[in-house]
Amino acid sequence: MGHKVIYVAGLGLIGGSIALGIKRDHPDYTILGYNRSEKSRQIALERGIVDEVTDDFAHFAPRADVIILAVPIKQTIAFIEELAHLSLKENVLITDAGSTKLEIVKAAEASFANQAVRFVGSHPMAGSHKSGASAADVNLFENAYYILTPTALTTDDTIEELRADLSGLHARFITIDAAEHDRVTSQISHFPHVIAASLMEQAGDYAKEHEMTNHFAAGGFRDMTRIAESEAGMWTSILLTNKEAVLERIEDFKERLDTIADKIKAQDDDGIWQYFNHAKTIRQEMEIHKRGGVDSFYDIFVNVPDEEDVILTILELLRGTSLVNLRINEENRDDIHGILQISFKNAKDQARAQKVIEANTPYKVTIQ
Ligand code: NAD
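Cut-offs applied
Residues numbered from 1 in each chain as written. Predicted model: local features only at pLDDT ≥ 70, side-chain atom pairs only at ≥ 80, totals over all residues. Heavy atoms only, no water. Helix = DSSP H or I, 4+ residues; strand = E, 2+ residues; numbered from the N terminus. Contact = heavy atoms within 4.5 Å. UniProt positions renumbered as here; feature names shortened; annotations may be inferred. Salt bridge = Lys/Arg side-chain N within 4 Å of Asp/Glu carboxyl O. Buried < 20%, exposed > 50% of the residue type's maximum accessible area, 1.4 Å probe, protein only. Near = heavy atom within 4 Å. Polar contact = N/O pair within 3.5 Å; in protein donor to acceptor, adjacent residues only side chain to side chain. Areas by Shrake-Rupley, 256 points an atom, 1.4 Å probe, with all protein chains shown as cover. Nonpolar A, V, L, I, M, F, W, Y, C, P; charged D, E, K, R; others polar. Phe/Tyr/Trp six-rings, centres within 6.5 Å; stacked < 30°, edge-to-face > 60°. Pairing = 2+ DSSP bridges. Axes fitted to C-alpha atoms, helices over the stretch in contact; angles between N-to-C directions. Patch = residues over 30% accessible without salt bridge, like charges linked within 9 Å, V, L, I, M, F, W, Y side chains within 5 Å. Right-handed = clockwise from strand over helix to strand, strands pointing away.

K.L.:
Before we move on, could you go through the side chain of Asn-346 and cite the residues and values that matter?
P.N.:
With respect to the helices, strands and loops of the structure, Asn-346 is situated in the loop between strand S11 (338-344) and helix H14 (347-360). Contacts of Asn-346, omitting those with residues within four sequence positions, involve Asn-139, Glu-142 and Tyr-298.

Put into structure tokens, the structure is as follows:
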């Protein structure tokens with residue numbers, strides 16, 4: 001199909017970023033948007049995220065070839081139920097963006113049964129602490145996993161067509177069963193949020209009796225609790241729509257805490273060492289070392305001498321380029337003191353950085 005009408009309901013961080021990504025590869029598509037708040041509708045129009053907006057969800061639905069629901073999970077289900085009573089285009093492709101999948105997929109299968117509707121669940125696995133249309137970013141999903149969960153309403157052509165529509169997001173599309181998605185994310189995302197919040201609660205209570213807790217909390221504690229600052233509303237709905245898997249992970253974890261507690265009580269020197277060492281080995285082998293499981297960031301490597309302000313000079317040259325990671329690898333070579341590794345989201349920024357550093361400094365830049 002050439003020209004298409006895409007309807008994005010919810011012009012927040014996720015919906016707005018998806019709309020921008022679609023526009024990047026399909027400038028000829030018409031993008032319609034729904035949003036509750038006047039402010040985000042206005043911003044979405046001004047930023048060219050959408051071509052037309054409405055505050056009435058049902059209004060644009062009959063015009064759409066593709067409908068993307070990018071609102072909170074409960075509202076996604078409510079919109080699915082509402083869509084089932086509207087007169088939609090034949091074979092309209094409907095998807096969502098919710099962080100849990102099984103309840104949404106079940107709602108779609110029940111609501112659209114026997115209708116000429118195609119539905120596939122989606123979970124774009126990227127986010128930020130920001131929200132609203134002003135936070136929408138065309139590069140948000142660059143290299144991120146974009147999970148697609150097929151349903152009884154997913155025909156052979158559905159996934160291929162959706163992937164083509166979303167090609168401008170530059171995401172890594174993966175198809176997996178909705179229940180398995182919810183199980184895996186309970187382990188690597190939902191349960192860690194429970195732990196981070198619990199740790200903060202515990203430390204907060206402890207600090208009432210032991211005031212220095214507040215001052216000494218740094219490094220490891222900060223790494224472990226960063227996600228405790230996530231948006232409470234979103235995480236409440238995630239836990240409530242993935243109840244069984246999260247509760248199962250909590251029970252499993254209690255047993256692990258008991259195991260290490262028993263080893264400490266028993267003064268089991270070797271057992272404790274094994275416990276930590278096993279965890280270290282597993283972490284080293286996991287994709288965790290490739291930022292978010294992504295192994296194809298766009299890196300440059302700059303050989304830098306151990307001199308004052310070298311890194312500041314390089315960063316100043318890169319002002320305006322959005323880099324995603326920075327690290328110094330120490331080298332045991334006589335001629336180089338360190339290698340500065342800088343990661344970018346795309347090849348264009350990578351090439352620009354190499355050019356500008358080589359033109360303005362004597363340092364060698366390589367791309368591996
Ligand atoms: P956001 O707050 O930036 O945007 C949410 C949008 O939903 C806004 O447009 C808001 O006006 C609208 N909305 C909220 N409640 C509504 C209601 N009751 N009725 C109608 N519209 C309503 O949030 P977001 O981060 O874009 O999240 C949207 C969806 O994407 C959620 O389902 C979330 O689970 C999912 N998601 C979020 C992230 C993340 O990290 N932010 C990552 C992946 C998926």
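K.L.:
How would you summarise the UniProt feature "coiled-coil region" (unreviewed entry) in the protein if you had to cite specific residues and measurements?
P.N.:
Cross-referencing UniProt, the feature "coiled-coil region" (unreviewed entry) maps to residues 243-270 in the present numbering. As a span, residues 243-270 carries 89% helix and 0% strand, and end to end its C-alpha atoms are 37 Å apart.

K.L.:
Describe the pattern of salt bridges, with residues and values.
P.N.:
The final tally for this structure, using the stated rule, is 18 salt bridges. With its nearest N and O atoms 2.7 Å apart, the salt bridge here joins Asp-51 to Lys-23. One end of the pair, Asp-51, is in the loop between helix H2 (38-46) and strand S3 (52-54); the other, Lys-23, is in helix H1 (residues 13-25), and 28 residues separate them in sequence. With a relative accessible area of 38%, Asp-51 lands in the partly exposed category. Residue Arg-24 is joined to Glu-142 by a salt bridge in which the shortest nitrogen-to-oxygen separation is 3.7 Å.

K.L.:
Can you tell me about the site of the ligand, naming the residues and giving the values?
P.N.:
Around the ligand sit 23 residues, and of these Leu-13, Ile-14, Asn-35, Val-71 and Ser-99 come closest. In this structure, an oxygen atom belonging to the ligand sits 2.9 Å away from a main-chain N or O atom of Ile-14. Protein contact buries 81% of the 820 Å² of open area that the ligand shows by itself. Each residue belonging to the shell around the ligand can be placed in one class, and the counts come to 12 nonpolar, 10 polar and one charged.

K.L.:
How would you summarise the packing of aromatic side chains if you had to cite specific residues and measurements?
P.N.:
Per the stated rule, a full pass over the model turns up nine aromatic pairs. Seen in terms of ring centroids, Tyr-7 and Phe-60 are 5.7 Å apart; in terms of plane orientation they differ by 90°. Their pairing is edge-to-face. Within this pair, whereas Tyr-7 is found in strand S1 (residues 5-9), its partner Phe-60 is found in helix H3 (residues 57-60), the two being separated by 53 residues in sequence. Of the two residues, Tyr-7 and Phe-60, both sit in the buried class. Counting every residue linked through ring pairs, the aromatic cluster contains Tyr-7, Tyr-34, Phe-57, Phe-60 and Phe-79.

K.L.:
Describe unusual backbone geometry, listing the residues and the values that go with them.
P.N.:
Although it is not a glycine, Asn-143 adopts a positive phi angle of roughly 70°. As for its placement among the helices and strands, Asn-143 is situated in the loop between strand S6 (117-124) and strand S7 (145-150). Asn-143 gets classed as buried once you look at its relative accessible area, which sits at 8%. A positive phi angle, near 55°, is found at Gln-267, a position not held by glycine. Along the chain, Gln-267 falls in the loop between helix H11 (243-265) and helix H12 (269-285). Relative accessible area serves as the criterion here: at 68%, Gln-267 is assigned to the exposed category.

K.L.:
Go over the environment of Ile-188 with me, naming the residues and quoting the values.
P.N.:
Within the secondary structure, Ile-188 sits in helix H7 (residues 178-209). Of the residues examined, Ile-188 reaches a relative accessible area of 48% and is grouped as partly exposed. Along the chain, Ile-188 and Ile-31 lie 157 residues apart, while their C-alpha atoms are 34 Å from each other.

K.L.:
Tell me what's going on with the sheet that holds strand S8 (residues 172-175), and back it up with residues and numbers.
P.N.:
Here eight strands make up an open sheet; going across it, the order is S3-S2-S1-S4-S5-S6-S7-S8 and the pairing mixed. Taken across any chain shown, the strands that pair with only one partner, and hence form the sheet edges, are S3 and S8. Within this sheet the neighbouring strands show an average axis-to-axis angle of 25°, counted without direction. In terms of strand pairing, S7 meets S8 through four bridges, oriented parallel. The residue bridging Leu-148 from the neighbouring strand is Thr-175, located in S8.

K.L.:
So, the pairing of S11: which residues are in play, and what are the values?
P.N.:
By the criterion of burial, S11 is predominantly enclosed, with seven of the seven residues buried. Covered by surrounding structure in S11 are Gly-338, Leu-340, Ile-342 and Phe-344 together with Ile-339, Gln-341 and Ser-343, the residues of both alternating faces. As judged from the seven bridges shared by strand S9 (residues 298-304) and S11, these two strands associate in the antiparallel manner. Pairing of Val-304 across the sheet is with Gly-338, part of S11.

K.L.:
Quick one: what's the story with the environment of Phe-119, residue by residue and with numbers?
P.N.:
For Phe-119, the position within the fold is in strand S6. A relative accessible area of 0% means that Phe-119 is categorised as buried. Sequence-distant contacts of Phe-119, that is, excluding residues within four places in its chain, are made with Ile-80, Ile-94, Thr-95, Asp-96, Ile-104, Ala-108, Phe-112, Thr-151, Leu-153 and Thr-154.

K.L.:
Which residues make up a nonpolar patch on the surface, and what values do they have?
P.N.:
Among the surface-exposed residues, Met-125, Val-184 and Ile-188 lie close enough to one another that they form a single nonpolar patch of about 230 Å² accessible area. Structurally, the position occupied by Val-184 is in helix H7.

K.L.:
Run through the pairing of S7, naming residues and quoting values.
P.N.:
Here S6 pairs with S7 via five bridges, running antiparallel. Bridging across to S7, Pro-124 finds its partner in Tyr-146. Between the parallel pair S7 and S8, the chain is carried across by helix H6 (residues 158-165), and the sense of this crossover is right-handed.

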